[in-house]
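Residue-level structural notes
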Amino acid sequence: MYNFSYQKVSSVADAVDAIKKADDGKFVAGGQTMLPTMKHRLASPSDVIDLGGIDELKGISVDGDTVTIGAMTTHAEVAASSDVQGTIPALANLAGNIGDPAVRNRGTIGGSIANNDPAADYPAAVIGLGATIKTNKREISGDEFFTGMFETALEDDEVITAVLFPKAEASAYMKFENPASRYAIVGVFVAKSGDIVKVGVTGATACAHRGLRLEKALNGNFAAEAVDEVEIPVEKMNSDIHASAEYRAHLVKVMTKRAVEACS
Amino acid sequence: MQTVSMNVNGEPKSGEVEDRTLLVEFLREQLRLTGTHVGCDTSQCGACVVHVNGVSVKSCTMLAVQADGGDVTTIEGLANNGELHPMQQAFKDNHGLQCGFCTPGMVMSAIDIVNRNGSDVDEATVRKELEGNICRCTGYHNIVKAVHAGAKNMGG
């Protein structure tokens, strides 16, 4: 790992100030992706600004039908939260299946979303539940946040402060995981409220996206068999040593069916 | 360079580190606590697991400066006056190791599992929660047995 200048800040304002002064600065949240990336020399920021000391970014609260999760809340905290378990159990379950226990003790929701790994779990929930990403500058809808592989709508000096998840009547997340890394080869988050069904798909394409064709089929008939006739465009699917594009397209439907079944 | 201070196995320790120094490097190379191992250095294998502020972390994926002011427990901090921690004793009694390289991380993760799930943790949970610790010798059966025995002993 190339050397860098480390700075721990205690407020969002200080974080923004620090990154503006840095030559090529980067925020670190839990560091579970960023440190390995830096060790591989795929990233070599001049300054690393640690958000871990900012108390205002931590914690979980429920207000009516909205669960607000501070950006620096760890996966372990989300998984163990009775508030999240009671309001959106699928979200607690998702957090409890990211990586392994030691990674979940450090990794954070804000870090996961800002990094936008194509195989990360949280983006599927952000899209499936129609979450809102709150930053120090504005609120961004989940549908507009993920813009490409490792690309988001965030500006360089923009910090995620919290993610607001509206409660769904029923929701479920199913992932076909890589047995070594536990990353999603394909993961599908299905949420149903009244007659409206939303589907967030991760692992399949360059970044998490809404499964609009799946939503259309499920809106008329919320049943696993409704997924059978949906055509998943193979040409947009990722293809790598873990799974071919054709296999991923198939998995999108299988995971969607399992999620729909788990909702009912 | 930065000065870091932390409680390691109950004793205050401090040292000068580069900003990029990993926690595991500080523990092994400066404090000479070489019980914590580096296996993969890519946060997969779990040989480097220690406890920071009471929870398990991969010390190869945390900077030393990030542990500044914290409480760190390594494998060396478990035994009490020469008496093995119940989890260490359980690994010994159940042949939970062969070459022993992964064992410090296994024991630290095992204690974390019991801390979170209680002493009557079931086998499926133990197997699932050991997913971040890789052993290339045992095939895991005796490790799982050891974690169960250790869990019972920890529960008194």
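These notes cover the structure that comes with them. Fair warning: this is a prediction, and the values are worked out from it, not measured in the lab.

1. A closer look at helix α3 (residues 103–117) of chain B
Residue and element names in this part refer to chain B. A rise of 1.5 Å per residue sets the reference length of α3, with its 15 residues, at 21 Å; its end C-alpha atoms lie 20 Å apart and thus fit the reference within 8%. A large share of α3 lies buried, amounting to 12 of its 15 residues. All of the buried residues along α3 are T103, P104, G105, M106, V107, M108, S109, A110, I111, D112, I113 and V114. Of the residues flanking the end of α3, it is G118, one or two places downstream, whose phi is positive at about 85°.

2. Considerations on the side chain of A:T135
Residues and elements named next belong to chain A. Mapping T135 onto the fold places it in strand β6 (residues 132–135). Residue class for T135 comes out buried when judged on its relative accessible area of 8%. For T135, the side chain forms a polar contact with the main-chain nitrogen of K137, separated by 2.9 Å. Among the polar contacts listed, one links the side chain of T135 to the side chain of E158, at a separation of 2.8 Å. Discounting residues that sit within four places of it in the chain, T135 has contacts with I140, L154, E158, V159, I160 and T161.

3. A word on the packing of helix α2 (residues 86–93) of chain B against helix α5 (residues 141–154) of chain B
All names here are of chain B. It is at 8 Å that the axes of α2 and α5 come closest, and there the two elements cross at 140°. The angle between α2 and α5 falls in the class oblique. In the crossing of α2 with α5, the sense of the turn from one axis to the other is right-handed. Note on element contacts: α5 touches α2 through I143, A146, V147, A149, G150, A151, N153 and M154, opposite P86, M87, A90 and F91. Residues that form the contact of α2 with α5 fall into these classes: 10 nonpolar, 2 polar and no charged.

4. Re the packing of aromatic side chains
Residues and elements named next belong to chain A. Summed over the entire model, instances satisfying the criterion amount to 3 aromatic pairs over all chains. Taking 5.1 Å as the distance between ring centres and 85° as the angle between the ring planes, the aromatic pair formed by F145 and F146 counts as edge-to-face. Seen from the ring of Y2, R41 lies directly overhead, with NZ or CZ sitting 4.1 Å from the centre.

5. Describing the sheet that holds strand β2 (residues 25–28) of chain A
Residue and element names in this part refer to chain A. Strand order in the open sheet formed by 3 strands is β1-β3-β2, with parallel pairing between adjacent strands. The strands lining the two open edges of the sheet, one partner per strand, are β1 (5–8) and β2. For this sheet, the mean inter-axis angle between neighbouring strands, taken without regard to orientation, is 25°. In terms of strand pairing, β2 meets strand β3 (residues 47–50) through 4 bridges, oriented parallel. Bridging from a neighbouring strand, F27 pairs with I49 of β3. Contacts between helix α1 (residues 12–21) and the sheet are confined to β1, β2 and β3, with β2 contributing the most and set at about 150° to the helix.

About the criteria used
Residues numbered from 1 in each chain as written. Chains lettered and ligands numbered in written order. Predicted model: local features only at pLDDT ≥ 70, side-chain atom pairs only at ≥ 80, totals over all residues. Heavy atoms only, no water. Helix = DSSP H or I, 4+ residues; strand = E, 2+ residues; numbered from the N terminus. Expected span 1.5 Å × (residues − 1). Buried < 20%, exposed > 50% of the residue type's maximum accessible area, 1.4 Å probe, protein only. Polar contact = N/O pair within 3.5 Å; in protein donor to acceptor, adjacent residues only side chain to side chain. Contact = heavy atoms within 4.5 Å. Axes fitted to C-alpha atoms, helices over the stretch in contact; angles between N-to-C directions. Parallel < 35°, antiparallel > 145°, perpendicular 65-115°, else oblique. Left-handed = near helix turned anticlockwise from the far one by under 90°. Nonpolar A, V, L, I, M, F, W, Y, C, P; charged D, E, K, R; others polar. Phe/Tyr/Trp six-rings, centres within 6.5 Å; stacked < 30°, edge-to-face > 60°. Lys NZ or Arg CZ within 6 Å of the ring centre and 35° of its normal. Pairing = 2+ DSSP bridges.

Treat this as a map of the structure, not an account of what it does.
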